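Commentary on secondary and tertiary structure
For reference, the chains in residue letters:
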Amino acid sequence: MITPRFDILGQAIADASRTQMLCELMEGRAYTNKELAAAAGVTPQTASAHLRLLQDAGLVVAEKRGRCVYHRLAGAEVAHALEQLAAIAPADSLHRAQRRKAGGLAQLRSCYDHLAGPLAVAMTGAFLDRGMLVEQQGAFCAVPAGEWLKLGVMLPERPGRQPFARPCLDWTERKLHVAGPMGRQILDHALTSGWVKRHRHKRGLMLTAPGRVALEQILGLHCGALAEA
């Protein structure tokens, strides 16, 4: 039996500057060395060394586009694992501390390619309450419903190898939100429909007034406190 090299991953995420870079990349977008250096508060030379270590650990990949080299997470599996690691600490005091640290990011954000934060958790709760999702042995099973199309979700005709709706433990809420292809479709639809807007540099999202109205009409959610006029 081959022992997983957790020591390599542990070394990669054991530095505060590297974890800051990973958090920036959790948005799902790619950034240059200089952008990640600024986010982590280090020099570009130091950032390059950190990024090489993250690449060697299989957490980050680099792509050259023109004159620039862009760095991004190696995939949704990496983002999912990082989100779960962020939610490990069970103590309520640590929970509150993490929410304070997250600040505005805690309300609504992207977790790589899907929505996260209190609103995403509330949406998932509405899916379950309305019977649109069923939780079975730790997994989500989507049930056909008219609301899905309004949310931009096209249910697959037959099950695929990967789960269509994957439960993801929310970092700040310690409750489940929806990831996987369903989560990606919901975020894409929310962005293209103008229901949410991206912050310029962070993975936090802003819920717009049209988004608030849409979610209230479709799912009965009362999310006015999160709306931006």
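Since this is a predicted model, take the numbers as computed values, not measurements.

Conventions used here
Residues numbered from 1 in each chain as written. Predicted model: local features only at pLDDT ≥ 70, side-chain atom pairs only at ≥ 80, totals over all residues. Heavy atoms only, no water. Helix = DSSP H or I, 4+ residues; strand = E, 2+ residues; numbered from the N terminus. Buried < 20%, exposed > 50% of the residue type's maximum accessible area, 1.4 Å probe, protein only. Contact = heavy atoms within 4.5 Å. Areas by Shrake-Rupley, 256 points an atom, 1.4 Å probe, with all protein chains shown as cover. pLDDT = per-residue confidence, 0-100. Pairing = 2+ DSSP bridges. 1 Å grid on protein atoms, 1.4 Å probe; cavity = no way out; pocket = protein on both sides within 12 Å on 5 of 7 lines; lining within 4 Å. Points joined across faces, edges and corners; volume = space filled by probe spheres on them. Nonpolar A, V, L, I, M, F, W, Y, C, P; charged D, E, K, R; others polar.

Next up on the list: the overall build of the protein. In terms of regular secondary structure, the protein is built from 10 helices and 12 strands. Across the 229 residues of the protein, 40% fall into the buried class. Here the analysis covers contacts within the protein between residues at least 6 apart in sequence; of these, 56% occur between residues at least 24 apart. Accessible surface for the protein amounts to roughly 12,600 Å². Of this, 56% is attributable to carbon and sulfur atoms.

Let us look at the confidence of the model for the protein. Looking at the protein, the pLDDT average stands at 83 and 86% of residues meet or exceed 70. When pLDDT is averaged over each helix and strand of the protein, the minimum, 48, is found for strand 12 (residues 227-228) and the maximum, 96, for helix 8 (residues 146-150).

Before going further, it helps to spend a moment on the sheet that holds strand 1 (residues 31-32). Reading across the sheet, the 3 strands line up as 1-3-2 and stay open at both edges, with antiparallel pairing between neighbours. At either end of the open sheet lies a strand with only one pairing partner, and these are strand 1 and strand 2 (60-65).

Turning to the environment of alanine 120, a few remarks are in order. By secondary structure assignment, the location of alanine 120 is in helix 7 (residues 118-129). Of the residues examined, alanine 120 reaches a relative accessible area of 6% and is grouped as buried. It is 9.8 Å that separates the C-alpha atoms of alanine 120 and glutamate 173, two residues lying 53 residues apart in sequence.

Attention now moves to the layout of surface pockets. Where empty space is left becomes clear once a probe the size of a water molecule has been rolled over the atoms. Empty space within the second largest pocket amounts to approximately 260 Å³. Surrounding the second largest pocket, 16 residues form its lining, Pro156, Pro159, Pro163, Phe164 and Ala165 being those nearest its centre. Elements that contribute at least two residues to the lining of the second largest pocket include exactly strand 7 (139-142) and strand 8 (166-169). Looking at the lining of the second largest pocket element by element, the count peaks at 4 residues for strand 7. For the lining of the second largest pocket, the class distribution of residues is 11 nonpolar, 2 polar and 3 charged.

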